[in-house]
Each structure stands twice: as C-alpha cells, then as structure tokens.
Amino acid sequence: KIDRIYKEAGFSKDRSAYERKTYLIDITPPIEELHKGLSKKWRENLRRSQRGLLEVYEGTSSDLYDRFIELYKVMHKRKQFIDYVDIFEFKRIQEQLRDDIKLHIMVCKYNGIPVSSLVWSAVGNTGVPIFSATGNEGRKLRGSYLLRWRMLERLKEQNKEYIDQGGVNKIRNPGGYQFKKGMGGEE
C-alpha cells in the first residue's frame, strides 16, 4: 500500500542506496499480549532493566535533549559509525516546534548519571524512534530495553496503533537488527 502511494506521488526507489527495512509493530493488542510477543532474549533483557536500578525522566525539554547528546557522543566514540543526521539540527528544530508536536525524550539514569536515552515522535497513528543512545554503563543495565518498552506504553496511552522501528539492516548492523526484531512486529 505504501509503495503504491509513493509511486502515485511520483517517487521511485533509489537503487544505489543500500536496502533498509523496518519492523512495524501493531500495538493495539493488550499490553500482556505485546509482552508475550517479545522474543525470549528481549523479555529477559527488559526484566533485567526493570529491577528498579534505573530512573526514567521524560519530557520535551532542551535539558533532556542535552543529556541525549552527551550519551550520543559516548556511543559514537565507542561505535565509530558514520553520522548521517545532525543531532544538533534536531535540537534547533525541537526548540522551535509547538509543544504539541515536539519530540518526546526519555533519559535513563543510574545513581543520578544518564546511561541511556531515546528520542521519539508520534505523528498520526504511528510512533517512530528517531534517536537512541546508550553509554557504556547503560549497555550493562539494559537501559535501551526499558526505554523502548516505556515508549510502547506511552504510545498505547495515546491510542496510537503502530511503532515503526526505523531502518534495520541485518548485514550492516546485526545488533540493531536483532534488537528491533526482538520487539516483535512485521518486517
């Protein structure tokens, strides 16, 4: 259906770009059913993250976005990936958006120190994670699992129907692929 809409609008696939896919999660079923739909490993990592060691702060403030930037820099240094987007441009955009359409930011803290973060948006009936970042300690504490699950809960509270996990590529980013696949949904 989406391919048809794009084609009718005059768009075509750029064959020179590497293929990226996504996982689309229908979040309309009850939360218990969604929890059962998680892979065994994903459920275990979520349980580990929910042991009460992490505090989650949420909102749309520049301060929370700054915590995300700090973690992003740590993660970028560790992974040394190529940046395709300008996180600072998104901060400038965020500061200019109306409150009702600002990006939602979550930051996990352990002993008062930010360890994981997630920046997401909800437009129409779909939530989309825009950025995530995890510091070295956040990896051990499984902060990303807690934040993704919290995002799912918030989207359900807003009566959204889907989460679009964003680009996944099994070859170029096997860890990201497994993380997103483990949350369930249709490729």
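These notes cover the structure that comes with them. Note that this is a predicted model, so its numbers are computed, not measured. (Residues numbered from 1 in each chain as written. Predicted model: local features only at pLDDT ≥ 70, side-chain atom pairs only at ≥ 80, totals over all residues. Heavy atoms only, no water.)

**Some words on the environment of Val107**
Step number 1: Relative to the helices and strands, Val107 is located in strand β3 (residues 104-110).
Step number 2: Overall, the relative accessible area of 0% leaves Val107 in the buried class.
Step number 3: A sequence separation of 49 residues divides Val107 from Glu58, and the C-alpha atoms of the two residues are 6.5 Å apart.
Step number 4: Non-local contacts of Val107, meaning those with residues more than four positions away in its chain, are made with Glu55, Val56, Tyr57, Leu64, Arg67, Pro114, Ser116 and Ser117. (Helix = DSSP H or I, 4+ residues; strand = E, 2+ residues; numbered from the N terminus. Buried < 20%, exposed > 50% of the residue type's maximum accessible area, 1.4 Å probe, protein only. Contact = heavy atoms within 4.5 Å.)

**Focus: the sheet that holds β3**
Step number 1: As summarised here, the arrangement of the six strands in space is β1-β6-β5-β4-β3-β2, forming an open sheet in which the pairing is mixed. Two strands in the sheet have a free side with no partner beyond their single neighbour: β1 (24-26) and β2 (54-59). On average, each strand axis in the sheet is inclined to that of its neighbour by 25°, with strand direction left out of account.
Step number 2: The sheet contact formed by β2 and β3 spans six bridges and is antiparallel. Bridge assignment links Gly59 to a residue of β3, and that residue is Ile105. (Pairing = 2+ DSSP bridges. Axes fitted to C-alpha atoms, helices over the stretch in contact; angles between N-to-C directions.)

**Examining the packing of helix α3 (residues 40-49) against helix α7 (residues 143-157)**
Step number 1: Interaxial distance between α3 and α7 falls to 8 Å at its minimum, and their mutual angle equals 95°. One finds that α3 runs roughly perpendicular with respect to α7. The residues of α7 that touch α3, namely those facing Trp42, Asn45, Leu46 and Ser49, are Tyr145, Leu146, Arg148 and Trp149.
Step number 2: When the residues that make up the contact of α3 with α7 are grouped by side-chain class, the tally is five nonpolar, two polar and one charged. (Parallel < 35°, antiparallel > 145°, perpendicular 65-115°, else oblique. Nonpolar A, V, L, I, M, F, W, Y, C, P; charged D, E, K, R; others polar.)

**Notes on the packing of helix α4 (residues 62-79) against helix α5 (residues 87-96)**
Step number 1: Running from N to C, α4 and α5 cross one another at 175°; their axes reach a closest spacing of 11 Å. Comparing the axis directions of α4 and α5 gives the class roughly antiparallel. From α4, Ser62, Tyr65, Asp66, Phe68, Ile69, Tyr72 and Lys73 reach across to α5, where they touch Ile87, Phe88, Phe90, Lys91 and Glu95.
Step number 2: Considered class by class, the residues forming the contact of α4 with α5 number seven nonpolar, one polar and four charged.

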